[in-house]
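# Structural overview for review
These are the residues of each chain, in order.
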Amino acid sequence: MSKLDTLQAALEAALGARVKTMARHLGEITITVTAADYLSAAQTLRDHEALRFEQLIDLCGVDYSGYKDQAWEGPRYGVVSHLLSVSKNWRVRLKVFCPDDELPSVASLNDVWSSCNWFEREAFDLFGIIFEGHLDLRRILTDYGFIGHPFRKDFPTTGHVEMRYDPEKKRVIYQPVTIEPREITPRIIREDNYGVKH
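So, a few notes on the structure that sits alongside this text. Just so it is clear, the model here is predicted, and its values are computed rather than measured.

This brings us to the overall build of the protein chain. Within the protein chain, the secondary structure is distributed over 3 helices and 9 strands. A compact globule built from 198 residues should have a C-alpha radius of gyration of about 16 Å, whereas the protein chain, at 22 Å, is more than 25% larger. By principal-axis analysis of the C-alpha atoms, the protein chain measures approximately 65 × 60 × 30 Å. By the burial criterion, 36% of the 198 residues in the protein chain qualify as buried.

Turning our eyes to something else, we now look at the sheet that holds strand β5 (residues 90-97). Within the open sheet, the 5 strands sit side by side as β1-β2-β5-β4-β3. Their pairing is mixed. Looking at which strands have only one partner, the edges of the open sheet turn out to be β1 (21-25) and β3 (55-63). Between one strand and the next, the sheet's axes are offset by a mean angle of 20°, whatever the strand orientation. Of the pairings in the sheet, the one linking β3 to strand β4 (residues 77-85) comprises 8 bridges and is antiparallel in character. Directly across from L56, in β4, lies its bridge partner L83. Along the sheet, helix α2 (residues 38-47) contacts β2 (28-33), β3, β4 and β5; its crossing angle with β5, the most-contacted strand, is approximately 175°. Here helix α3 (residues 116-127) sits on the sheet and contacts β3 and β4; the angle it forms with β3, its principal contact strand, is near 5°.

Bringing α3 into the picture now. One turn of an α-helix holds 3.6 residues; hence residues three or four places apart share an orientation. Taking 1.5 Å of rise per residue, 12 residues should cover 16 Å, and α3 covers 16 Å from first to last C-alpha, within 8% of that figure. Residues of α3 that are buried include every one of C116, E120, R121, A123, F124, D125, L126 and F127, and no others. Buried-residue contacts for α3 involve β3, β4, β6 (105-107) and β7 (130-132). The first or second residue beyond α3 is G128, which carries a positive phi of 80°.

Positive phi outside glycine occurs at L26, with the angle close to 55°. Relative to the assigned elements, L26 resides in the loop between β1 and β2. Using a relative accessible area of 74% as the deciding quantity, one classes L26 as exposed. A positive phi angle, close to 60°, is found at N89, a residue other than glycine. With respect to the element layout, N89 can be found in the loop between β4 and β5.

Within the span of α2, buried status applies to Y38, A41, A42, T44 and L45. One side of α2 carries all its buried residues, which in axial view fall inside an arc of 160°. Contact partners of the buried residues in α2: α1 (3-15), β2, β3, β4, β5 and β6.

Procedures and definitions
- Residues numbered from 1 in each chain as written.
- Predicted model: local features only at pLDDT ≥ 70, side-chain atom pairs only at ≥ 80, totals over all residues.
- Heavy atoms only, no water.
- Helix = DSSP H or I, 4+ residues; strand = E, 2+ residues; numbered from the N terminus.
- Rg over C-alpha atoms; globule rule 2.2 N^0.38 Å.
- Buried < 20%, exposed > 50% of the residue type's maximum accessible area, 1.4 Å probe, protein only.
- Pairing = 2+ DSSP bridges.
- Axes fitted to C-alpha atoms, helices over the stretch in contact; angles between N-to-C directions.
- Contact = heavy atoms within 4.5 Å.
- Expected span 1.5 Å × (residues − 1).
- Arc of directions from axis to C-beta.

Next comes the structure, spelled out in structure tokens:
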């Protein structure tokens, strides 16, 4: 039995019906749980003797609209966490979808792994995902008073507001974007024998 088989069996035994889907790809396991099971699954992943995922090494938000350049069926926003077990020397990816596209939210894992504090703030700032129970959920990368969430796929590339220094007022001012929207199609160079070795 391979190490990945051992991990899969341990995940299935410990999490049981809380695992909505489990996928193995490129030597990695990704498990998806529902938002209702997210916090309890995370606690089990950390505390279960057969798993012992002591560290959350990454957490990010995902906007699945237009995923892989095709129509997406299902909730628009998700949260993906990468977990590491130092004692067992294995990793797993934990995925959850936010049930409401209008107000995406899931439980905070900050009480399970304190390392996710800033990661959850980043996902809130860039995607607008609310982490229920997070004690300091505020923007971390965008400016004070920033409107919108810039990693959402429907956020305009130019943004809504620009800032510049006004020499007359001797301060930075905010104003609506002055960039004209335009479609840029890159020039394509075609060669008859491109990529063919002679």
